[in-house]
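Spelled out, the chains give:
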Amino acid sequence: MGPMQERRNPLKTTVIIPNYNGIDYLENCLRSLESSFTDKAPAFEVCIVDNGSVDGSPEMAEQLFPWTQIIRFPENRGFCAAINEGITRARTPYVFLLNNDPTVDPACIRRLERRMDNDPRLFSAAAKMLSMKNPDIMDGAGDRYNALGWAFAIGKGRPSTDYNTPMPIFSASAGAALYRKEYLQKTGLLDELHFAYLEDVDLGYRARILGYSNAYEPTAKVYHAGSATTGSRYNPFKITHSSRNNIYLIYKNMPLFQLILNLPFLIAGFFIKTLFFCAKGYAGVYLKGLGEGIRLCTTPEARQRKFRFKPANFGHYITIQLELWLNIFRRH
């Protein structure tokens, strides 16, 4: 849609929900969004991008929630491709990326919009993700990334009362975060070479290189089922894609000088992770993912997507590097 169409749209936000066989969660997610509407007037647009589901979830959404827009892919093109299709079609200044398994507090999107309105340098604002089973426990307050090559959800598994203060974060979790579409057009959208996992850290990294910031907004809450698509916290699919994408993330975003600075830390980080997954019985899966990541970095597609160093961004790289070192010691 063109700029004139965007200005004529009175709504600020399009909610983009990627869906793949989400029949067990999608209805509750959409009902929670509907609770934000006043007198049945939508407070935002909702776009469901379906990745070839065969469980009837897109048909259910179409029948029960006629105010949603549904885009159907004939096959599973991955989380990133689904999100990008939704962003491309959005006519609003903000997009709220949302997994299909959370329920959303009625005031969540409005509070994220207000946070973004008040800080024009914000690239994204992350919601407070709480465990659906135990809302007193955090599921995440955005992401941190460190020089060991580790990305992790801030506060996961800890008391929610410890995370009632807004704070800067390395990147927002695309499971529940508001993004400024104008800046997405400068950073580029989610990288579909990821397919799934760490695509949001990569996106946040690119925004940081350009001098934008990401923030956590604790008054905006969602309740997350967690691992709804892959089934568990540790499984071969998740481990393979996460380790593969971590190699690619480093290759894509770190210029040579930053890679040299971090190399001893990265070697240590990958060694520790290998020992960790060995104890979990997944060492082979983890190492296979690392190998796939190295191979990915040698492809023309990866070289084309590499975020090229520009001297104008040198100061931003220094800020990022200091944060990478600091985050080694700042887990929670």
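This text follows the structure it describes.
Residues numbered from 1 in each chain as written. Predicted model: local features only at pLDDT ≥ 70, side-chain atom pairs only at ≥ 80, totals over all residues. Heavy atoms only, no water.

Undergrad: Give me the lowdown on the overall build of the chain, citing residues and values where you can.
TA: Helix and strand counts for the chain come out as 12 helices and 12 strands. Its C-alpha radius of gyration of 19 Å places the chain within 12% of the 20 Å reference for a compact globule of 332 residues. Counting all 332 residues of the chain, 52% fall into the buried class. Long-range contacts, defined here as pairs at least 24 residues apart, represent 76% of the contacts in the chain between residues at least 6 apart. Summed over all atoms, the accessible surface of the chain reaches about 14800 Å², with 57% contributed by carbon and sulfur. Across the chain, the centroid of the 40 positively charged side chains sits 7 Å from that of the 31 negatively charged ones. (Helix = DSSP H or I, 4+ residues; strand = E, 2+ residues; numbered from the N terminus. Rg over C-alpha atoms; globule rule 2.2 N^0.38 Å. Buried < 20%, exposed > 50% of the residue type's maximum accessible area, 1.4 Å probe, protein only. Contact = heavy atoms within 4.5 Å. Areas by Shrake-Rupley, 256 points an atom, 1.4 Å probe, with all protein chains shown as cover. Lys, Arg positive; Asp, Glu negative; His and termini not counted. Charge placed at Lys NZ, Arg CZ, Asp CG, Glu CD.)

Undergrad: So what's going on with the pairing of strand S3 (residues 69-73)? Which residues, and what values?
TA: In regular strands, side chains alternate between the two faces of the sheet. Two elements, strand S2 (residues 45-51) and S3, share five bridges in a ladder whose sense is parallel. Considered in S3, the bridge of Cys 47 is made with Gln 69. (Pairing = 2+ DSSP bridges.)

Undergrad: Can you tell me about the pattern of salt bridges, naming the residues and giving the values?
TA: Between side chains of opposite charge, a pair can form when the charged atoms approach closely. The final tally for this structure, using the stated rule, is 14 salt bridges. Asp 117 is the partner of Lys 12 in a salt bridge, and the nearest nitrogen-oxygen pair spans 2.4 Å. Note that Lys 12 is positioned in the loop between helix H1 (3-8) and strand S1 (13-19) and Asp 117 in helix H5 (residues 108-118), a separation of 105 residues in sequence. Note on Asp 117: relative accessible area 36%, which makes it partly exposed. The closest approach of N and O atoms between Glu 85 and Arg 89, which form a salt bridge, is 2.9 Å. One end of the pair is Glu 85 and the other is Arg 89, both in helix H4 (residues 79-89) and four residues apart, which spans about a single turn. Taking relative accessible area as the criterion, Glu 85 reaches 24% and is therefore assigned partly exposed. Take Arg 89: its relative accessible area is 39%, and that puts it in the partly exposed class. (Salt bridge = Lys/Arg side-chain N within 4 Å of Asp/Glu carboxyl O.)

Undergrad: So what's going on with helix H9 (residues 256-280)? Which residues, and what values?
TA: Compared with an ideal rise of 1.5 Å per residue, which puts 25 residues at 36 Å, H9 spans 33 Å between its outermost C-alpha atoms and is within 8% of the ideal. Along its length, H9 reaches its greatest deviation from straightness, about 55 degrees, at Asn 262, and the proline Pro 264 lies no more than four positions downstream. Within H9, burial applies to Gln 258, Asn 262, Leu 266, Gly 269, Phe 270, Thr 274 and Phe 277. For H9, the elements touching its buried residues are helix H7 (199-209), helix H8 (236-253), helix H10 (283-297) and helix H12 (314-326). Directly after H9, the chain includes Gly 281, whose backbone phi takes a positive value near 85 degrees. (Expected span 1.5 Å × (residues − 1). Bend = angle between axes of the 7 residues up to and from the residue.)

Undergrad: Account for the packing of H8 against H10, naming residues and giving values.
TA: Geometrically, a packed helix pair is captured by the angle between its two axes and the distance between the axes. At a closest axis distance of 7 Å, the pairing of H8 and H10 adopts a crossing angle of 35 degrees. The element H8 and its partner H10 pack so that their crossing is right-handed. From H8, Pro 236, Ile 239, Thr 240, Ser 243, Arg 244, Ile 247, Tyr 248 and Tyr 251 reach across to H10, where they touch Val 285, Tyr 286, Gly 289, Leu 290, Glu 292, Gly 293, Ile 294, Leu 296 and Cys 297. Of the residues assigned to the contact of H8 with H10, the class counts are 11 nonpolar, four polar and two charged. (Axes fitted to C-alpha atoms, helices over the stretch in contact; angles between N-to-C directions. Left-handed = near helix turned anticlockwise from the far one by under 90°. Nonpolar A, V, L, I, M, F, W, Y, C, P; charged D, E, K, R; others polar.)

Undergrad: With reference to specific residues and values, describe the layout of surface pockets.
TA: Volume-wise, the second largest pocket comes out at about 160 Å³. Every residue along the wall of the second largest pocket is listed here: Ile 247, Ile 250, Tyr 251, Met 254, Pro 255, Leu 256, Leu 259, Leu 263, Leu 266, Ile 267, Phe 270 and Lys 306. Elements represented by at least two residues in the lining of the second largest pocket include exactly H8 and H9. The element contributing the most residues to the lining of the second largest pocket is H9, with six residues. (1 Å grid on protein atoms, 1.4 Å probe; cavity = no way out; pocket = protein on both sides within 12 Å on 5 of 7 lines; lining within 4 Å. Points joined across faces, edges and corners; volume = space filled by probe spheres on them.)

Undergrad: Explain unusual backbone geometry to me, and be specific about the residues and the numbers.
TA: Trans is the common state for peptide bonds, and a negative phi is the common state for residues other than glycine. Residue Phe 195 is not a glycine yet carries a positive backbone phi of 65 degrees. Considering the arrangement of structural elements, one finds Phe 195 in the loop between helix H6 (181-187) and H7. Residue class for Phe 195 comes out partly exposed when judged on its relative accessible area of 28%. For Tyr 197, which is not a glycine, the phi torsion comes out positive at approximately 85 degrees. Take Tyr 197: it is sitting in the loop between H6 and H7.

Undergrad: Tell me about the packing of aromatic side chains, and name the residues and values.
TA: A complete count under the given rule lists 17 aromatic pairs for this structure. For the ring pair Tyr 145 and Phe 170, a centre distance of 5.8 Å and an interplane angle of 45 degrees mean the geometry is tilted. Of the two residues, Tyr 145 is situated in strand S8 (residues 143-145) and Phe 170 in the loop between strand S10 (167-169) and strand S11 (176-180); the sequence distance between them amounts to 25 residues. Its relative accessible area of 0% is what places Tyr 145 among the buried residues. (Phe/Tyr/Trp six-rings, centres within 6.5 Å; stacked < 30°, edge-to-face > 60°.)

Undergrad: An account of H12 is needed here, citing residue identities and associated values.
TA: Along an α-helix, residues three or four apart share an orientation, since each turn contains 3.6 residues. In this model, H12 (13 residues) spans 19 Å end to end at C-alpha, consistent with the 18 Å of a helix rising 1.5 Å per residue. Those residues of H12 that fall on the buried side of the exposure criterion are Tyr 317, Ile 320, Gln 321, Glu 323 and Leu 324. All buried residues of H12 lie within an arc of 165 degrees about the axis, which places them on one face of the element. Buried residues in H12 make contact with S8, S10, H7, H8 and H9. (Arc of directions from axis to C-beta.)

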